[in-house]
Amino acid sequence: MKTDQHHLSAKAIYNASNNINKLLQLPTPFYSAYELSRLTGQSIWLKDEALQPTGAFKVRGAANKICQLSEEQRQKGVVAVSTGNHGCAVAYIAQQMGIPAYICVSERVPDNKIANIKRYNPHLVIEGDSQDETQMVAQRLIDDKGLTFISPFDDADVISGQGTIGLEMFQYHPNLTEVLVPLSGGGLMGGIALIMKQLNPHIGMIGISMEQGAVMHASLQKGQPVTMPEADTLADSLQGGIGGDHNRYTFQLAQKYIDEVILVSESAIQNAMQFMLYEHKHLYEGAAVVGISALLEGLVKPTGPTATILSGHNVSPQILQTLIASSTQA
Ligand SMILES: *Cc1c(COP(=O)(O)O)cnc(C)c1O
């Protein structure tokens, strides 16, 4: 059932901030990066969401969604379809709140991803040969058990939860001129842009995606949501579509608030991961460093204090091996 109270506004994001403060240790660190600032000539600020309990920001949206469910909905439980950060976030928040979570993944999901999700003890449903089949498995659970579906990005409460990142950055640093946000389904960008543009209409909101399979970028160019095949990328958390014609929120938010979308190459993403590893001594996943890639490549020229979101650090063992092997001369 749709209700009016779940709408998108600055107020909903302030409320989300109160909601999720009980479940997460906020604010996450926001610090200026010396070497990046030196290289770009402007102060570059990094919002570190890798320090969230599951290693990615998605716990914010999951927490804001799940804590607003009715008592009846909580008793029945929640369901998500995700092999990655969203599945972990839903499982973790449900565990914290003591409610049942069902995480559906396809039979193709690699063992290391299964192990990540299992840490949070959800009902793990491994069924289906493709994303579509697994989505049907989730629908069956919704019909049979009355579970509530938790969308990874296209939900007002999830978007408001991710928007709390923008609120935290603004409260700490009200004079940012540009914000570089990793862009996939657009929940992260939608929430952050909504609040930051209201607080400062002149701020530049720049979405960053990988070159292959950038669905939101293609959709914005076409003027309507498109579907396209997935491609391999180091930024694996940015893979996936925006829901095609079913998209309810994030495409419109992107049309309204994004000033520019920049695409970065695989080699630029790899360089940025290595830069963060060797310069900053921190490991971040490919999706998290696309903003750093754009800065290092000179694809974005910051005009003043500029921030980017380090969205997570869940790097697969294969990608980590590639990264270290390719950097022996570094
Ligand atoms: C989900 C995710 C993103 C992209 O968020 P969207 O809301 O889908 O645009 C970026 N980085 C990481 C690490 C993620 O898990």
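Right above here is the structure, for reference.
What counts, and where the lines are drawn
Residues numbered from 1 in each chain as written. Predicted model: local features only at pLDDT ≥ 70, side-chain atom pairs only at ≥ 80, totals over all residues. Heavy atoms only, no water. Phe/Tyr/Trp six-rings, centres within 6.5 Å; stacked < 30°, edge-to-face > 60°. Helix = DSSP H or I, 4+ residues; strand = E, 2+ residues; numbered from the N terminus. Buried < 20%, exposed > 50% of the residue type's maximum accessible area, 1.4 Å probe, protein only. Pairing = 2+ DSSP bridges. Axes fitted to C-alpha atoms, helices over the stretch in contact; angles between N-to-C directions. Contact = heavy atoms within 4.5 Å. Near = heavy atom within 4 Å. Polar contact = N/O pair within 3.5 Å; in protein donor to acceptor, adjacent residues only side chain to side chain. Areas by Shrake-Rupley, 256 points an atom, 1.4 Å probe, with all protein chains shown as cover. Nonpolar A, V, L, I, M, F, W, Y, C, P; charged D, E, K, R; others polar.

Let us now look at the packing of aromatic side chains. This structure, assessed with the given rule, holds four aromatic pairs. Measuring from ring centre to ring centre gives 5.8 Å for Y92 and Y120, while their planes differ by 85°; the resulting arrangement is edge-to-face. Residue Y92 is located in helix 5 (residues 85–97), and its partner Y120 is located in the loop between helix 6 (111–118) and strand 5 (123–126); the two are separated by 28 residues in the primary sequence. A single burial state applies to Y92 and to Y120, both of which are buried.

Quick look at the sheet that holds strand 9 (residues 260–264) now. Taking strand neighbours across the sheet as the criterion, the six strands line up as 1-2-10-7-8-9 in an open arrangement whose pairing is mixed. For this open sheet the edge positions go to strand 1 (30–32) and strand 9, each flanked by a neighbour on one side alone. On average, each strand axis in the sheet is tilted by 25° relative to the strand beside it, whichever way the strands run. Direction of pairing for strand 2 (residues 44–48) relative to strand 10 (residues 306–310): parallel, over a ladder of five bridges. Bridging from a neighbouring strand, K47 pairs with I309 of strand 10. Along the sheet, helix 12 (residues 266–278) contacts strand 2, strand 8 (204–210), strand 9 and strand 10; its crossing angle with strand 9, the most-contacted strand, is approximately 85°.

Okay, the site of the ligand next. Near the ligand you find 16 residues, and of these K58, N85, S184, G186 and S311 are the closest. A distance of 2.6 Å separates an oxygen atom of the ligand from a polar side-chain atom of K58. Interatomic distance of 2.9 Å between a backbone N/O atom of G185 and an oxygen atom of the ligand. In isolation the ligand offers 380 Å² of accessible surface; the protein chains occlude 97% of this area. Residue composition of the shell around the ligand, by class: six nonpolar, eight polar and two charged.

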